[in-house]
Amino acid sequence: MTTMDRDRRIKEDLYGLFASLGKALSSPARLRILDVLSQRERSVESVAEQAELSVANASAHLRVLHSAGLVRSHREGRYVIYELAGKDVFPFLRAFQSMARRSLAEVDRMVRTFYERPEELDPIEPEELLRRIREDDVTVVDVRPEEEYRAAHLPGAILVPPEEVEERIAELPPGREIVAYCRGPYCLYSGSAVERLKERGRRARRLSIGLPDWLARGLPVETSTAMAGP
C-alpha cells in the first residue's frame, strides 16, 4: 500500500466515524431523548415515559446514542441511569437545531407557527430576568414536570406543573408580572402557560430560553432538598 493509499484509507475511516455521529442523530426519537436528558439524568423507564416510547425502544435508542458517545450510563441499584456524555453535548444539540432552522424553510415555518405565537412576541431575555429576580419584582413559574424542577430550577421559581396551571393561577401573587419557562425553545409548556395567564387578565411573558440553556450560560439555579427518584 502506498503512502497516498494509506492516507486515503485513514481519511475514509475518519469520515466514517464522523458519519456515525450523524447516524445517531438521524432519528426523531433519539433527538427527543437528548432533549429529555438535557433536563436531568434519568432511568431508561423515565426516558421512555418522557419521550413517549416503549421501554424496549428507549433502551435501543439509548444504546445507539451511547455508542456514538452522546450519552453515558451508570447503575443505581436496579436502575440503569443515563445522562448526557459531557458538557459539550447540549451546546452541540442546540447548534444542530439552530442550523436546521436556518437551513430548512419548513423548520422555520413550524417554529414561527407553533412556538412564536403573536401573544408571545415579547419574550424576556435571561439577563433581564435575573436582574428582576434579584430586585424581587417578578414571579417566576417553572412549568416543567416536578422531577425536573427538583433537579434544578431558576432562583425563587414556583413549581406549577403544566397540567396544574389553570387551577393554580389564583395562588400566584397578584399585581406582579409572571414569567414562565420550561425545557427550551421548542417546548410548548411555557407558551401555553402564558396564554392561560393572559386569558385570566394576568401580565405574563415567557423566558426566551429553557433551563438547560440557562445553565449553559453559567447563570445561578437552585435545587430542592428532596431529589426526585430515577
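Residues numbered from 1 in each chain as written. Predicted model: local features only at pLDDT ≥ 70, side-chain atom pairs only at ≥ 80, totals over all residues. Heavy atoms only, no water.

**Q** I tried to follow the nonpolar core on my own but got confused; where do I start?
**A** Soluble globular proteins: nonpolar side chains tend toward being buried together. Membership of the largest hydrophobic core comes to 21 residues, with the highest contact counts inside it found for Ile33, Leu34, Leu37, Leu62, Leu65 and Leu70. If near-sequence neighbours (up to four positions away) are discounted, Ile33 is found in contact with Val47, Ala51, Leu53, Ala58, His61, Leu62 and Leu65. Leu129, Val138, Leu154 and Leu211 belong to the second largest nonpolar core, which has 18 residues in total. (Core = buried A, V, L, I, M, F, W, Y, C linked by side-chain atoms within 4.5 Å. Buried < 20%, exposed > 50% of the residue type's maximum accessible area, 1.4 Å probe, protein only. Contact = heavy atoms within 4.5 Å.)

**Q** Got a minute to help me understand a nonpolar patch on the surface in this structure?
**A** A contiguous nonpolar surface patch, about 450 Å² in accessible area, is contributed by Leu14, Tyr15, Leu17 and Phe18. Within the secondary structure, Phe18 is located in helix α1 (residues 3–24). (Patch = residues over 30% accessible without salt bridge, like charges linked within 9 Å, V, L, I, M, F, W, Y side chains within 5 Å. Areas by Shrake-Rupley, 256 points an atom, 1.4 Å probe, with all protein chains shown as cover. Salt bridge = Lys/Arg side-chain N within 4 Å of Asp/Glu carboxyl O. Helix = DSSP H or I, 4+ residues; strand = E, 2+ residues; numbered from the N terminus.)

**Q** Help me understand the side chain of Gln97 in this model?
**A** Counting through the fold element by element, Gln97 comes out in helix α5 (residues 89–103). Given a relative accessible area of 15%, Gln97 falls into the buried group. At 2.8 Å, the side chain of Gln97 forms a polar contact with the side chain of Arg94. Excluding residues that lie within four positions of it along the chain, Gln97 makes contacts with Asp35 and Tyr186. (Polar contact = N/O pair within 3.5 Å; in protein donor to acceptor, adjacent residues only side chain to side chain.)

**Q** Teacher, can you tell me more about the layout of surface pockets here?
**A** Leftover empty space is mapped by rolling, across the atoms, a probe with the size of a water molecule. Computed from the structure, the second largest pocket encloses a volume of approximately 440 Å³. Taken together, 16 residues form the lining of the second largest pocket, with Leu37, Ser38, Leu84, Gly86 and Lys87 sitting closest to its centre. Elements with a minimum of two residues in the lining of the second largest pocket: β3 (79–84), α5 and α11 (211–216). The dominant element in the lining of the second largest pocket, judged by the number of residues it contributes, is α11, at 3 residues. The residue makeup of the lining of the second largest pocket, split by class, is 8 nonpolar, 3 polar and 5 charged. (1 Å grid on protein atoms, 1.4 Å probe; cavity = no way out; pocket = protein on both sides within 12 Å on 5 of 7 lines; lining within 4 Å. Points joined across faces, edges and corners; volume = space filled by probe spheres on them. Nonpolar A, V, L, I, M, F, W, Y, C, P; charged D, E, K, R; others polar.)

**Q** What am I meant to see in the pattern of salt bridges here?
**A** Side chains that differ in sign of charge can pair as their charged atoms come close. One pass over the structure, following the stated rule, counts 18 salt bridges. When the shortest N-O distance is used, the salt bridge between Asp136 and Arg176 registers 3.4 Å. Pair noted here: Asp136 is in the loop between α7 (126–135) and β4 (139–142) and Arg176 is in the loop between α9 (165–168) and β6 (178–181), with a separation of 40 residues, a long-range link. Residue Arg176 is classed as partly exposed on the basis of its relative accessible area, which comes to 24%. Close ionic contact of Arg183 with Glu148 constitutes a salt bridge, the shortest N to O distance being 2.6 Å. Pair noted here: Arg183 is in the loop between β6 and α10 (189–199) and Glu148 is in helix α8 (residues 146–151), with a separation of 35 residues, a long-range link. Ionic contacts of the salt-bridge type, sharing partners, join the residues Glu128, Arg132, Asp137, Glu177 and Arg205 into one network.

**Q** Before we go on, may I ask you to explain helix α2 (residues 28–37) in this structure?
**A** Because each turn of an α-helix spans 3.6 residues, side chains separated by three or four positions end up pointing in the same direction. Buried residues of α2: Ala29, Arg30, Ile33, Leu34, Val36 and Leu37, and no others. Summarising the axial view, the buried residues of α2 lie within an arc of 160°, below the 170-degree limit, and thus occupy one face. One side-chain oxygen of the residue at the start of α2 lies 3.2 Å from the amide nitrogen of Ala29, identifying that residue as Ser27. (Arc of directions from axis to C-beta.)

The analysis is restricted to geometry; functional conclusions fall outside its scope.
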